[in-house]
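# Coordinate inspection notes
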Amino acid sequence: MRASAGSDRGFTMVELLTVVVLMAIALAAVGPPAVQANRRNQVRRAALEVEAAHAAARSWARRYGRTATLTFTSGASQSAWTVAVDTTLDGVTPVDVFARSYDYMTFSFDRAVLCFDGRGLPTQAGSCEAPDATITLSNNNITRTVRFSSAGMLLK
């Protein structure tokens with residue numbers, strides 16, 4: 001069916017501008033809380049991953065009967081942790097078996113290298129530090145702290 005020459009089709013410029021302004025206002029109201037919630041979730045997830053890496057280091061030390069290390073690093077734009085254990089039969093070279101890095105998140109820690117012996121117990125042999133560590137993860141103004149006891153256990 002054809003429209004007559006005088007029929008209204010489409011939207012006027014005023015209607016389009018009104019919709020765009022309303023969408024901008026809604027985005028301005030919803031945007032910052034959504035960004036904050038996303039950062040909070042990133043920090044929470046990273047803290048859970050640090051806890052899992054700690055448990056994995058203990059578990060792999062027991063599994064392979066060799067020392068496993070959990071190492072924390074933090075830089076200006078990236079932080080990371082690495083779990084290393086020698087899974088080879090030669091007993092010479094540690095092999096990274098688990099690692100994770102985080103962009104735009106900082107770690108602050110009082111111990112950088114946590115180790116577990118072949119029984120899964122904390123050890124301070126070599127470059128290993130005391131097991132009672134505190135790791136604080138931060139993304140802008142969102143922080144979360146993970147603590148481990150002197151027995152190498154997660155403190156809640």
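Along every chain, residues carry numbers that run from 1 in the direction the sequence is written. Thresholds applied to this predicted model are a pLDDT of at least 70 for local features of residues and 80 or more for the giving and counting of side-chain atom pairs; totals over whole chains, interfaces and linings are not thresholded and use all residues. Side-chain metrics rest on all non-hydrogen atoms present in the structure, leaving aside hydrogens and water.

## A few points about the overall build of the chain
In this description a helix means any DSSP run of H or I spanning at least four residues, a strand means any run of E spanning at least two, and both kinds are numbered starting from the N terminus. For the chain, the helix and strand inventory stands at 1 helix and 9 strands. Starting at the N terminus and ending at the C terminus, the chain contains elements arranged as α-β-β-β-β-β-β-β-β-β. For the radius of gyration, the atom set is restricted to C-alpha positions; the globular benchmark scales as 2.2 Å times the number of residues to the power 0.38. Computed over C-alpha atoms, the radius of gyration of the chain comes to 26 Å, more than 25% over the 15 Å expected from 2.2 N^0.38 for 156 residues, which places it beyond the range of a compact globule. Counting only C-alpha atoms and orienting by the principal axes, one finds that the chain spans roughly 90 × 35 × 25 Å.

## Regarding the nonpolar core
Most often, soluble globular proteins keep nonpolar side chains buried together rather than apart. Counting 24 residues, the largest nonpolar core has Leu 70, Phe 72, Trp 81 and Leu 137 as the members making the most contacts within it. Element by element, the count of residues in this core is highest for helix α1 (residues 13-64), at 7 residues. Throughout this description, the term nonpolar core refers to a set of buried Ala, Val, Leu, Ile, Met, Phe, Trp, Tyr and Cys residues connected via side-chain atoms within 4.5 Å. Relative accessible area decides the class of each residue, using a 1.4 Å probe on protein chains only: under 20% of the type maximum gives buried, over 50% gives exposed, and in between gives partly exposed.

## A word on the state of the cysteines
A disulfide bridge is the covalent bond that connects two cysteines by way of their sulfur atoms. The criterion for a disulfide is a pair of cysteine sulfur atoms lying within 2.5 Å. Counting across every chain of the model gives 1 disulfide. The side chain of Cys 115 participates in a disulfide bridge whose partner is Cys 128; the two sulfur atoms lie 1.9 Å from each other. Judged by the sign of its S-S torsion, about -85 degrees, the cystine formed by Cys 115 and Cys 128 is left-handed. Remark: Cys 128 occurs in the loop between β6 (122-123) and β7 (134-139) and Cys 115 occurs in strand β5 (residues 113-116); sequence separation between them is 13 residues. Taken as a pair, Cys 115 and Cys 128 share a single burial class, namely buried.

## Brief notes about the pairing of strand β1 (residues 68-74)
Here, strands pair whenever DSSP counts at least two bridges between them. Both β1 and strand β2 (residues 78-85) contribute to a ladder of 7 bridges, which runs antiparallel. In the strand pairing of β2, Phe 72 is matched with Trp 81. Hairpin connection, β1 to β2: the antiparallel pair is bridged by 3 residues. Judged from the 4 bridges that link them, β1 and β5 form a sheet pairing that is antiparallel. Following the sheet pairing, Ala 68 is matched in β5 by Phe 116.

## Focus: a nonpolar patch on the surface
Residues qualify for a patch when their relative accessible area is over 30% and they have no salt bridge, like charges being joined within 9 Å and the nonpolar side chains of Val, Leu, Ile, Met, Phe, Trp and Tyr within 5 Å. The protein chains shown are the only cover counted for residues, whose accessible areas, like all others here, come from Shrake-Rupley with a 1.4 Å probe. For this analysis, a salt bridge means a side-chain nitrogen from Lys or Arg found within 4 Å of a carboxyl oxygen belonging to Asp or Glu. There is a patch of nonpolar side chains on the surface, built from Phe 11, Met 13, Leu 16 and Leu 17 and spanning about 480 Å² of accessible area. Relative to the assigned elements, Leu 17 resides in helix α1.

## With respect to the packing of aromatic side chains
When the centres of two rings from Phe, Tyr and Trp lie within 6.5 Å, Trp using its six-membered ring, the rings pair. Their planes under 30 degrees apart give stacked, over 60 give edge-to-face, and anything left gives tilted. Under the definition given, this model contains 5 aromatic pairs. Each ring, one from Trp 60 and one from Phe 98, has its centre 5.6 Å from the other, and the planes form 85 degrees; the classification is edge-to-face. Residue Trp 60 is located in helix α1, and its partner Phe 98 is located in strand β3 (residues 95-103); the two are separated by 38 residues in the primary sequence. The exposure class assigned to Phe 98 is partly exposed, which follows from its relative accessible area of 32%. With a centroid separation of 5.6 Å and an interplanar angle of 50 degrees, the aromatic rings of Tyr 102 and Phe 107 are classed as tilted. Members of the aromatic cluster, each reached through a chain of ring pairs, are Phe 72, Tyr 102, Phe 107 and Phe 109.

## Regarding the pairing of strand β8 (residues 142-148)
Side-chain direction in a regular strand flips from residue to residue, so the side chains alternate between the two faces of the sheet. Sheet topology places β7 next to β8; 6 bridges connect them, and they run antiparallel. Across the sheet, the residue bridging to Ser 138 is Thr 143, located in β8. Following β7, the chain reverses through 2 residues before pairing antiparallel with β8; Asn 140 in that reversal takes a positive phi of roughly 55 degrees. Between β8 and strand β9 (residues 154-155), which follow one another and run antiparallel, lie 5 residues, and Gly 152 among them has a positive phi close to 80 degrees.

Without other data, these values stay purely geometric and don't point to any function.
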